[in-house]
Amino acid sequence: MKIIDILNKKTMSLSFEVFPPKKETSFESVKETTEKIAESKPAFMSVTYGAGGGTSRFTLDIARTIEEKHGVPTMAHLTCVSSSKDLIHNKIEEIHSMGIENIMALRGDLTPELENTDRSKWDYRHAVELIREIKESGYDFCIGGACYPEVHPESENQREDIKHLKEKVDAGADFLVSQMVFDNNLFYNFLYKIREAGIMVPVIPGIMPITNAIQVEKAIKLSGSFMPQRFKAIVDYFGQDPESMKQAGIAYATDQIIDLYANGVTNVHVYSMNKPDVAETIMHNLSNILWKDYGVK
Ligand code: FAD
């Protein structure tokens, strides 16, 4: 099933992101974990793509298992920056042959090694080129693109970032998924600005439940996201007690999701960090809210 069709239903829904293992030896246990998350029956699940594509086989195996065995629609992430055209063409063929209908088309992060190579020799510089290529493949994929409510770190300013985001949508991105936000107001401001710029496709906010103090540092380093004082107070107070921190972190994420729904957002993408208990608790917290149509247009 195509994700855009799920989004167009306008019922309150939740989706989860999972990641594949880095090593073959952990493949079975990671797959089992992602299947447990699928059992909580989210609207769809996305499976990330390891930088450089070395573990892309795991991405596709996990996506196919979730879809075939659990009936949960999946989206395979695909990055292009360190890949050749041949490799990307093969990947697109493979995704299609596995019956996966949704691709999250990404550039990928610039590793220090990549930064030191000659950019004129790269086959891909930006995600927009990958989106065009997927379109040109002739397969009828539903395509997602990434967006950054707090501006991508490489962009000089938000205006430039939004200009390039519009290029991705014009090239064929059917919907956008945002970098994690811990302050919903940043997402609402961003939404206002991109609508003003003529970007009208659905935008799914990314929410990361922080369930331990170490994860906070990692999340900020990875995303550069702003941590509101209200959230910092939770980490300061409960961070030393794992069980309390987990409960408080899930409650904070749940609160963010409810606020998003109450402000007209119908789908929220949760960075599940491969934690089935976290996914299940959030689904449970929202059990009377999900799958209803509140007349949001
Ligand atoms: P782009 O859209 O190419 O943007 C990157 C930068 O280039 C931005 O500053 C943009 O403004 C600028 N830009 C874009 N087009 C142009 C242009 N034509 N000319 C000049 N500048 C331009 N990484 C992984 O390795 N695997 C994953 O599975 C993965 N999943 C992700 C999921 C989500 C929801 C998000 C938000 C990020 C994910 N990432 C993943 C990280 C992502 O690869 C990085 O954030 C990367 O640095 C940018 O990817 P992008 O697709 O947004 O790139």
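Below or above, wherever it landed, is the structure these notes cover. Since we're looking at a predicted model, the values are computed, not measured.

Comments concerning unusual backbone geometry
In step 1: Phi at Lys 41 takes a positive value of approximately 55 degrees, unusual for a residue other than glycine.
In step 2: At Asn 274, a residue that is not glycine, the phi angle is positive and equals roughly 55 degrees.

Remarks on the sheet that holds strand E1 (residues 13-18)
In step 1: Taken together, 8 strands build a closed barrel; the order of strands is E1-E2-E3-E4-E5-E6-E7-E8 and the barrel is parallel. The mean inter-strand angle of the sheet, taken between neighbouring strand axes irrespective of direction, is 30 degrees.
In step 2: One ladder, built from 5 bridges, connects E1 with strand E8 (residues 267-271); its direction is parallel. Following the sheet pairing, Ser 13 is matched in E8 by Asn 267.

Topic: the packing of helix H10 (residues 229-238) against helix H11 (residues 242-262)
In step 1: Across the interface, H10 lies against H11 with an axial gap of 9 Å and an inter-helix angle of 165 degrees. Classified by the interaxial angle, the pair formed by H10 and H11 is roughly antiparallel. The handedness of the crossing between H10 and H11 is right-handed. Contacts between H10 and H11 involve Arg 230, Phe 231, Ile 234, Val 235 and Phe 238 from the first element and Ser 244, Met 245, Ala 248, Tyr 252 and Asp 255 from the second.

Re the side chain of Gln 215
In step 1: If you trace the backbone, Gln 215 turns up in helix H9 (residues 213-223).
In step 2: Here the side chain of Gln 215 touches Thr 211 through a polar contact of 2.9 Å, landing on its backbone nitrogen.
In step 3: Among residues more than four places away in sequence, those in contact with Gln 215 are Met 208, Pro 209, Ile 210, Met 273 and Lys 275.

Description of the site of the ligand
In step 1: In the region of the ligand, 23 residues are neighbours, and Asp 109, Tyr 148, Ser 155, Asp 161 and Lys 168 sit closest.
In step 2: Within the backbone of Ala 127, a nitrogen or oxygen atom sits 2.9 Å from an oxygen atom of the ligand.
In step 3: Here the ligand, which alone exposes 980 Å², has 85% of that area covered by the protein.
In step 4: For the shell around the ligand, the secondary structure elements donating two or more residues are strand E3 (74-79), strand E4 (102-106), helix H7 (158-171) and strand E6 (175-180).
In step 5: The element contributing the most residues to the shell around the ligand is H7, with 4 residues.
In step 6: Of the residues contributing to the shell around the ligand, the split by class is 8 nonpolar, 9 polar and 6 charged.

Examining the pattern of salt bridges
When charged atoms on two side chains of opposite charge get close, those side chains can pair.
In step 1: Scanning the entire structure with this criterion turns up 13 salt bridges.
In step 2: A salt bridge links Glu 101 to Lys 2, with the nearest nitrogen and oxygen atoms 3.5 Å apart. One end of the pair, Glu 101, is in the loop between helix H4 (85-97) and E4; the other, Lys 2, is in the segment before helix H1 (3-8), with 99 residues separating them in the sequence.
In step 3: Relative accessible area serves as the criterion here: at 27%, Glu 101 is assigned to the partly exposed category.
In step 4: Note on Lys 2: relative accessible area 17%, which makes it buried.

As for the environment of Val 18
In step 1: As for its position among the elements, Val 18 is in strand E1.
In step 2: The class of Val 18 is buried, set by a relative accessible area of 1%.
In step 3: For the pair Val 18 and Leu 186, spaced 168 residues apart in the sequence, the C-alpha separation amounts to 24 Å.
In step 4: Contact partners of Val 18, with chain neighbours within four places excluded, come to Thr 34, Ile 37, Met 45, Ser 46, Val 47, Thr 48, Ser 272 and Asn 274.

Points about the packing of helix H2 (residues 27-38) against helix H3 (residues 56-70)
When two helices pack together, their arrangement is given by the angle between the helix axes and the distance between those axes.
In step 1: H3 packs onto H2 with a crossing angle of 40 degrees between their chain directions and a minimal axis gap of 10 Å. Considering the angle they form, H2 stands oblique to H3. H3 is crossed by H2, and the crossing has right-handed handedness. Between H2 and H3, the residues in contact are Phe 27, Val 30, Lys 31, Thr 34, Glu 35 and Ala 38 and Phe 58, Asp 61, Ile 62, Thr 65, Ile 66, Lys 69 and His 70, respectively.

Concerning the nonpolar core
Buried together is how nonpolar side chains tend to be arranged in soluble globular proteins.
In step 1: The biggest cluster of nonpolar side chains holds 65 residues, and the ones touching the most others in it are Leu 14, Ile 257 and Ile 282.
In step 2: Here Ile 257 is in contact with Leu 14, Ile 207, Val 268, Val 270, Ile 282 and Leu 286, once residues within four sequence places are set aside.
In step 3: Residues Ile 4, Ala 146, Met 180 and Phe 231 belong to the second largest nonpolar core, which totals 28 residues.

Calculation criteria
- Residues numbered from 1 in each chain as written.
- Predicted model: local features only at pLDDT ≥ 70, side-chain atom pairs only at ≥ 80, totals over all residues.
- Heavy atoms only, no water.
- Pairing = 2+ DSSP bridges.
- Helix = DSSP H or I, 4+ residues; strand = E, 2+ residues; numbered from the N terminus.
- Axes fitted to C-alpha atoms, helices over the stretch in contact; angles between N-to-C directions.
- Parallel < 35°, antiparallel > 145°, perpendicular 65-115°, else oblique.
- Left-handed = near helix turned anticlockwise from the far one by under 90°.
- Contact = heavy atoms within 4.5 Å.
- Polar contact = N/O pair within 3.5 Å; in protein donor to acceptor, adjacent residues only side chain to side chain.
- Near = heavy atom within 4 Å.
- Areas by Shrake-Rupley, 256 points an atom, 1.4 Å probe, with all protein chains shown as cover.
- Nonpolar A, V, L, I, M, F, W, Y, C, P; charged D, E, K, R; others polar.
- Salt bridge = Lys/Arg side-chain N within 4 Å of Asp/Glu carboxyl O.
- Buried < 20%, exposed > 50% of the residue type's maximum accessible area, 1.4 Å probe, protein only.
- Core = buried A, V, L, I, M, F, W, Y, C linked by side-chain atoms within 4.5 Å.

None of this, on its own, says anything about what the molecule does.
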